[in-house]
Amino acid sequence: MSTFSRTTVTAALIYANGPIHIGHLAGCYLPADIYVRFLRLQKKDVIFVSGTDEHGVPITIKAQKEGKTPQEVVDYYYKEIKSSFEDFGISFDFYGRTSDPVHHQFSQDFFLKLYNEGKFVEETTMQYFDESANQFLADRYITGDCPSCKQSGAYGDQCEKCGTTLSPNELLNPKSMLSGASPVLKPTKNWFLPLDKWQGELTKYIDLHPEWKPNVLGQVKSWLQEGLKPRAMTRDLNWGVPIPLPDTEGKVLYVWFDAPIGYMSMTTQLTPDWEKYWKAKDSQIVHFIGKDNIVFHCLIFPAMCMAHGEFQLADQVPANEFMNLEGDKISTSRNWAVWLHEYLQDFPGKQDVLRYTLTSLSPETKDADFTWADFQTKNNSELVAILGNFVNRAFVLIDKNFDSQVPVKCIESSLESDLMLALKDIPAKLDAALAGFKFRDALVNAMEIARLGNKYLAETEPWKVIKEDRAQAGSILNFAVQLVAQAAIALEPFLPFTSHTLREALGMSDYSWTHIGDFEIIPAGRSLKNPGLLFDKIEDDVIQVQIDKLNQTKNLMELALKTVPMVKDTIEFDDFAKMDIRIGEIVAAEKMEKSKKLLKLKVNDGIKTRTILSGIAEYFKPEEVIGKQVSFLANLAPRKMMGLESEGMILMAEDADGSLAFVQPDKKIWNGATVN
RNA sequence: GGCGGGGUAGCUCAGAUGGUUAGAGCGUUGGAUUCAUAACCCAAAGGUCGGCAGUUCGAUUCUGCUCCCCGCUACCA
């Protein structure tokens, strides 16, 4: 990596339909920020760009729901997201947005170049069009009856009832989910990037990077193995970057086409010198992303760049896994998250505490779990007890005994040489960890400086030495001050706010990464300004408030789940009379092989024994249902599941938690009794 | 059932192309100390590295089988 003259760092463009939570931070923004700060401290040429992705169907849906225009929705979230990042100290050089005219122009130019050079394949297909909403419908916005099981509620891409994979044209009675109207088929032209043609080049490219993380390579290789297929780079939609070709009204660039181009268009807004960051061979390009973005950054975007021809490909794509919260997956829709803007309100001035916790729990190799208890422990046992305490000891001792001025250093003893020996390896370890994107490990190494400081003070005991040898005690404190200064530098990427406070207190104006391990940073005689306590203890009640908040969310969600569903549309008696519900006895039951949910039941219906397959295996063992009298739908059309025919359906009542109960007669009754 | 990821100290996690006493932080226990936010420092306890079998002079590390957890997915008419 030392051969690169400059580095271009990007962090994933976040979708502008919701606020930022800790999962986003841990996934890519925090690691990216740490990496960038590390490079800047080394005085490297580096730029850091990111922004919001503001196009695509979900934003139009959200706007429609809220009665706003898409632009209003993205304006709101762009502002909120940008300011949260700023408050949190994510040090973007430029934070842009894909609805910016500059971006539109740039991605249109990109598209046109590919178009003019014949890099796309044009294809006209018949797509469903909603005339009242005046737009083409994405597969999952069409619903209808399944051609295979004849049931309603199937989606354009799949019937969830019987599992058949569908294309929208196969649906019977298709309905638009936007307006409920029946859509009509209309021909539409789209442009595809033939990824299959780039498969060889892409494979070569990936083979050049055996050093990429296993999770990244694993996913990329499995896609290559299955064989890449052409992918549409345009969509029929009104919200997005318009296709820069005649007669293409109502068509826009696919979000995953224009979004990564955003990295470049944003760079053009940062510096007129932008080209070298994307075109020069000696530029290192690093994309920080979450694991859900791997395919786009490692295959599709590189293929686009290859087709374009002028841009360099990514050198590193350090993708993180996901961060969970208190054991559960973070979910925006379930409001199961710690929102950054709320954290900043609840914990003012404590950005570094969250930065520290998230970094030390970072999901670098596997999904991780954030708990408030961990947050409290990290703060109290590490930030307060190790770092804050060491800094405070050094300042208090100097304030009390040396009138806040850095004392002079004198002869070193073996304790000092031990200290310097212990510190010697730290810069190299830090460098290796940071350059290898092992931020967890790097943080531990940076904190080691403060640990060594506490140890040094305990061993030298300047508060005792001062009584007999003032010069010697002063010398010890000089060493301690140099350690504080080194910690301020080494921790800057992780704890920028704390580092800033320390640098002010120590009067450091000129500093760089190479000063770690240097014991001449702060000259003797300089007046220090005690910064006070760097970190406060976080008490149980503060943590409890946060946990209560989450539990409340959980309860609300459970309550929402328990809400009694609306009564369905009124039916006539004749409709009801069609159903033949009867009582029968389960005489045999066994688990279906190869199925998690299905139980194979033999039911005595008074006439014969019929086979009914029922999806209750998760709640009932075969032996506990034998002998039960249950109600079942007797005239349901037989249906094959897992290769066996089911003759009827057992009626089950579903409890609020999803568990099931049989609908049974309240006394023993004859098998075959009808239910009316 | 299929695909992917994982099972290493009380907790959160490192690690090993197979080789002498398997690591870190937090937590626990004991000691020391008082400059410091009951903080710091020292020490100890604590692991048959999910289970079984195989390959090997030797496996926690390789192979096979198996159990458990997480995600996606199929099956709940």
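So, here is what we can say about the structure in this document.

About the cut-offs
Residues numbered from 1 in each chain as written. Chains lettered and ligands numbered in written order. Predicted model: local features only at pLDDT ≥ 70, side-chain atom pairs only at ≥ 80, totals over all residues. Heavy atoms only, no water. Helix = DSSP H or I, 4+ residues; strand = E, 2+ residues; numbered from the N terminus. Buried < 20%, exposed > 50% of the residue type's maximum accessible area, 1.4 Å probe, protein only. Contact = heavy atoms within 4.5 Å. Pairing = 2+ DSSP bridges. Axes fitted to C-alpha atoms, helices over the stretch in contact; angles between N-to-C directions. Parallel < 35°, antiparallel > 145°, perpendicular 65-115°, else oblique. Left-handed = near helix turned anticlockwise from the far one by under 90°. Nonpolar A, V, L, I, M, F, W, Y, C, P; charged D, E, K, R; others polar. Salt bridge = Lys/Arg side-chain N within 4 Å of Asp/Glu carboxyl O. Phe/Tyr/Trp six-rings, centres within 6.5 Å; stacked < 30°, edge-to-face > 60°. Lys NZ or Arg CZ within 6 Å of the ring centre and 35° of its normal. Core = buried A, V, L, I, M, F, W, Y, C linked by side-chain atoms within 4.5 Å. Domains from an automatic or database assignment. Disulfide = S-S within 2.5 Å.

A look at the overall build of chain A
On a plain count of helices and strands, chain A comes out with 21 helices and 28 strands. With the C-alpha coordinates of chain A rotated into their principal frame, the extents come out at 105 × 70 × 45 Å. Counting across all 676 residues of chain A, residues that qualify as buried make up 51%. Taking the intrachain contacts of chain A between residues at least 6 apart in sequence as the baseline, contacts between residues at least 24 apart amount to 74%.

Describing the sheet that holds strand β18 (residues 368-370)
Sheet architecture is open: 3 strands sit in the order β17-β16-β18, paired in mixed fashion. In this open sheet, the two strands that pair with only one neighbour each are β17 (328-329) and β18. Of the strand pairs in this sheet, strand β16 (residues 323-325) and β17 are connected by 2 bridges, and their pairing is antiparallel. What sits directly across from L325, in β17, is D328.

Points about the pairing of strand β22 (residues 629-633)
Among the 5 residues of β22, 5 are classified as buried, and the element is accordingly described as predominantly covered. The alternating pattern of β22 places Q629, S631 and L633 on one face and V630 and F632 on the opposite face, and all of these are buried. In this structure, β22 lies alongside strand β25 (residues 649-650), joined through 2 bridges in antiparallel fashion. Across the sheet, L633 pairs through a bridge with M649, a residue of β25.

Quick notes on the packing of helix α12 (residues 372-402) against helix α15 (residues 439-460)
Any two packed helices are characterised by the angle at which their axes cross and by the distance between the axes. In the contact formed by α12 and α15, the axes pass within 9 Å of each other and the chain directions differ by 55 degrees. The orientation of α12 with respect to α15, classified from their angle, is oblique. Judged by the sense of rotation from one axis to the other, the crossing of α12 with α15 is left-handed. Every residue of α15 that contacts α12 at E382, A385, I386, L387, N389, F390 and R393 is listed here: M447, A450, R451, G453, N454, L457 and A458. When its residues are assigned to classes, the contact of α12 with α15 shows 8 nonpolar, 3 polar and 3 charged.

Description of the packing of helix α11 (residues 351-360) against helix α18 (residues 496-506)
It is at 7 Å that the axes of α11 and α18 come closest, and there the two elements cross at 125 degrees. Here α18 runs oblique to α11, going by the angle between their axes. Side by side, α11 and α18 meet where Q351, D352 and R355 of the first sit next to P496, F497 and T498 of the second. Split into classes, the residues belonging to the contact of α11 with α18 amount to 2 nonpolar, 2 polar and 2 charged.

Let's talk about the pattern of salt bridges
Opposite charge on two side chains allows them to pair when their charged atoms are near. This model, assessed by the stated rule, comprises 32 salt bridges. Note that E448 and R451 form a salt bridge whose closest N and O atoms lie 4.0 Å from each other. On the criterion of helical spacing, the pair formed by E448 and R451 is a turn pair, its members being 3 residues apart in helix α15. A residue is classified by how much of its surface remains accessible, and E448, at 29% relative accessible area, is partly exposed. In this structure, D580 engages R582 in a salt bridge whose closest nitrogen and oxygen atoms are separated by 2.9 Å. D580 sits in the partly exposed class, given a relative accessible area of 22%.

Digging into the sheet that holds strand β5 (residues 121-130)
In sheet architecture, strand pairing relies on hydrogen bonds along the backbone and comes in two forms, parallel and antiparallel. Strands sit in the order β6-β5-β10-β11 across an open sheet of 4 strands; the sheet is antiparallel. Unpaired on one side and paired on the other, β6 (135-136) and β11 (231-232) mark the two borders of the sheet. Looking at chain direction, β5 and β6 are connected through 2 bridges and run antiparallel. Opposite D130, over in β6, you have Q135 as the bridge partner.

Comments concerning the packing of aromatic side chains
Centre distance and the angle of the planes are the two values used to describe a pair of aromatic rings. For the structure on display, the rule yields 35 aromatic pairs. Taken together, a centroid distance of 5.7 Å and an interplanar angle of 85 degrees make the contact between F110 and F257 edge-to-face. On the criterion of sequence distance, the pair formed by F110 in helix α4 (residues 101-116) and F257 in helix α7 (residues 255-270) is long-range, its members being 147 residues apart. With respect to burial, F110 and F257 carry one shared label: buried. Pairwise contacts between aromatic rings join F110, F111, Y115, F120, W191, F257 and F311 into one cluster. Of note, R97 hangs over the ring of Y78, and the distance from its end group to the ring centre comes to 4.3 Å.

As for the nonpolar core
Residues Y29, F257, L354, F370 and F375 are the most contacted members of the largest nonpolar core, which totals 175 residues. When we break this core down by domain, the ones giving at least three residues each are domain 1 (6-118 + 204-221 + 256-329) and domain 3 (371-515). The contact partners of F257, leaving out residues within four places of it in the chain, are S107, F110, F111, L114, F120, M233 and M304. Core analysis: the next-biggest nonpolar cluster, separate from the first, contains 15 residues, L599, I616, F620 and I650 among them.

Concerning the side chain of H209
Along the chain, the position of H209 falls in the loop between α5 (195-207) and α6 (214-226). You can call H209 buried: its relative accessible area is 11%.

Some thoughts on the state of the cysteines
Cysteine pairs can be covalently joined through their sulfur atoms, and such a bond is termed a disulfide. The full count for this structure, using the stated rule, is 0 disulfides. Free cysteine: C298, not disulfide-bonded; nearest cysteine sulfur from C305 at 12 Å. A relative accessible area of 0% means that C298 is categorised as buried. Owing to a relative accessible area of 2%, C305 belongs among the buried residues under this scheme.

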